[in-house]
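# Structural description and commentary
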Amino acid sequence: MSKANGNFNRTQFRLGFWLLLAPIVLWLSLLIILPHIDMVLVSLRERIASRQYGFSFGNYTAFFTEPLYWNTFVRTAVMSILATVLTLIIAFPVSFYIAKVLTGRPRIALFILCLLPFWVSELVRTYGWMILLRETGLISGALQWFGLADQPVEMLYNDVAIMVGLIYTSMLFMVVPLVTTLDSLDNSLIEAGYDLGGSSWNVMRSIVIPHAMPGIMSGCIVVFMLTLGNYLTPTLLGGKSSLWFTEQIYTQFITRFNWEQGAAFGILLLILSSLIVWLGLKITRQSFTRVMS
């Protein structure tokens, strides 16, 4: 009887395990794996006639042979890396202040202030920056009022505006992993560093940053991938001269109806961005498992 009960319990456990696993398996399969497989198949075909297709790598070779496509991706990757670095520089002091300096309600209040802008959509936040940076916006008016400018100043449609928007829209994704990692750092280690005669910079370099490195890399990976794949912010704040790679993908799919080329660009974006992340992990000597744990 006990053996039968044991088998029944194991059967129940397995059934419960698969029922709990089913939603995430369906989510990964239907929304990620299958669409990407279909994109790969679409990218490997070439239109021969009206509704006839053949197998070809031409959509991928076009990326490397056409300077506009390659240069646009390089520009996008460089600006995304720069946005990630600047986001880290801004977010690290804020995260350290939240995790190690503030306590109680002030800590909660500051964290909510970081979270508050994300209660509205990215479109609304981007239009907010357009209102601030446009020629008739608040910043231009303030510069004229203080006598710092003789005429309205147009601050939109340039790389600086794009960078400001990217940093603003990705700040929370850097703050959260940093706060989580720094919160696990024992304060006694910091105190011991000061007791042994270490300066603030030495304590930060030898104790705080090494401990926070998994959070730093986790935040950098998330921010970089989100920035590299961002379409809305570069298009609205950068205008037609933004030259962002996701805009090239949008153009191939929507404007030119060239789904084969657009699918190839999407797969290349995934492969090249993953390669950049892998190189970043190798340079910093961090493992992906430790960073994401």
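The structure presented is a predicted model; accordingly, all values stated were derived computationally and were not measured.

### What about the nonpolar core?
Counting 27 residues, the largest nonpolar core has F92, M174, L178 and I216 as the members making the most contacts within it. Elements represented by at least two residues in this core include exactly α3 (67–101), α7 (159–183) and α9 (200–228). Looking at which element gives the most residues to this core, the answer is α7, with 10 residues. Apart from the residues within four sequence positions on either side, M174 is in contact with T84, T87, L88, A91, I216, G219, C220 and V223.

### Comments concerning α9
For α9, with 29 residues, the first-to-last C-alpha span of 34 Å runs short of the 42 Å given by 1.5 Å per residue. The largest bend in α9 amounts to roughly 55 degrees and is located at M213, with the proline P214 lying one to four residues further along.

### Comments concerning the UniProt feature "domain: ABC transmembrane type-1" (unreviewed entry) in the protein chain
Here the UniProt-annotated "domain: ABC transmembrane type-1" (unreviewed entry) positions come out as residues 73–280. Across residues 73–280, helical content stands at 79% and strand content at 0%; the span's end C-alpha atoms are separated by 18 Å.

### Notes on α3
Taking 1.5 Å of rise per residue, the 35 residues of α3 would be expected to cover 51 Å, and the 50 Å separating its terminal C-alpha atoms lies within 8% of that figure. Of all the bends in α3, the greatest reaches close to 30 degrees and is centred on A91; the proline P93 follows between one and four positions later.

### Here's the deal with the packing of α9 against helix α12 (residues 259–284)
Remark: α9 packs on α12, axes separated minimally by 11 Å, with the N-to-C direction vectors making an angle of 155 degrees. Classed by the angle they form, the pair α9 and α12 counts as roughly antiparallel. Along this stretch, α9 crosses α12, giving a crossing that reads as right-handed. Residues M217, I221, F224, M225 and L228 of α9 form the contact with α12, whose own contacting residues are L269, S273, I276, V277, G280, L281 and T284.

### Notes on the environment of L115
With respect to the helices, strands and loops of the structure, L115 is situated in helix α4 (residues 104–115). You can call L115 partly exposed: its relative accessible area is 28%. As for L115 and E260, which are separated by 145 residues in sequence, their C-alpha atoms are 39 Å apart.

### A few points about the domain arrangement of the protein chain
Under the domain assignment used here, the protein chain contains domain 1 (1–55) and domain 2 (59–284). Distance from the C-alpha centre of domain 1 to the C-alpha centre of domain 2: 33 Å. With nine residues of domain 1 at the interface, the matching set in domain 2 holds 10 residues. Around 740 Å² of area is buried between domain 1 and domain 2 when both sides are counted, 63% of it from carbon and sulfur atoms. The tally of links between domain 1 and domain 2 comes to two salt bridges. Notably, a salt bridge pairs E260 with R47, separated by 3.8 Å at the nearest N-O pair. For the pair domain 1 and domain 2, the number of links is four residue pairs in polar contact (both at pLDDT 80 or more). Mapped by element, the contributors of at least two residues to the side of domain 1 that touches domain 2 are α1 (2–43) and β1 (45–47). For the side of domain 1 that touches domain 2, the per-class residue count stands at five nonpolar, two polar and two charged.

### Points about the UniProt feature "transmembrane region" (unreviewed entry) in the protein chain
In the numbering used here, UniProt assigns the "transmembrane region" (unreviewed entry) feature to residues 15–37, 77–98, 110–132, 160–179, 212–232 and 263–281. For the annotated span residues 15–37, helix accounts for 100% and strand for 0% of the residues, and the straight-line distance between the end C-alpha atoms is 29 Å. Measuring from the first to the last C-alpha atom of residues 77–98 gives 31 Å, for a span that is 100% helix and 0% strand.

Cut-offs applied
- Residues numbered from 1 in each chain as written.
- Predicted model: local features only at pLDDT ≥ 70, side-chain atom pairs only at ≥ 80, totals over all residues.
- Heavy atoms only, no water.
- Core = buried A, V, L, I, M, F, W, Y, C linked by side-chain atoms within 4.5 Å.
- Buried < 20%, exposed > 50% of the residue type's maximum accessible area, 1.4 Å probe, protein only.
- Helix = DSSP H or I, 4+ residues; strand = E, 2+ residues; numbered from the N terminus.
- Contact = heavy atoms within 4.5 Å.
- Expected span 1.5 Å × (residues − 1).
- Bend = angle between axes of the 7 residues up to and from the residue.
- UniProt positions renumbered as here; feature names shortened; annotations may be inferred.
- Axes fitted to C-alpha atoms, helices over the stretch in contact; angles between N-to-C directions.
- Parallel < 35°, antiparallel > 145°, perpendicular 65-115°, else oblique.
- Left-handed = near helix turned anticlockwise from the far one by under 90°.
- Domains from an automatic or database assignment.
- Buried area = accessible area lost by both parts, 1.4 Å probe.
- Salt bridge = Lys/Arg side-chain N within 4 Å of Asp/Glu carboxyl O.
- Polar contact = N/O pair within 3.5 Å; in protein donor to acceptor, adjacent residues only side chain to side chain.
- Nonpolar A, V, L, I, M, F, W, Y, C, P; charged D, E, K, R; others polar.

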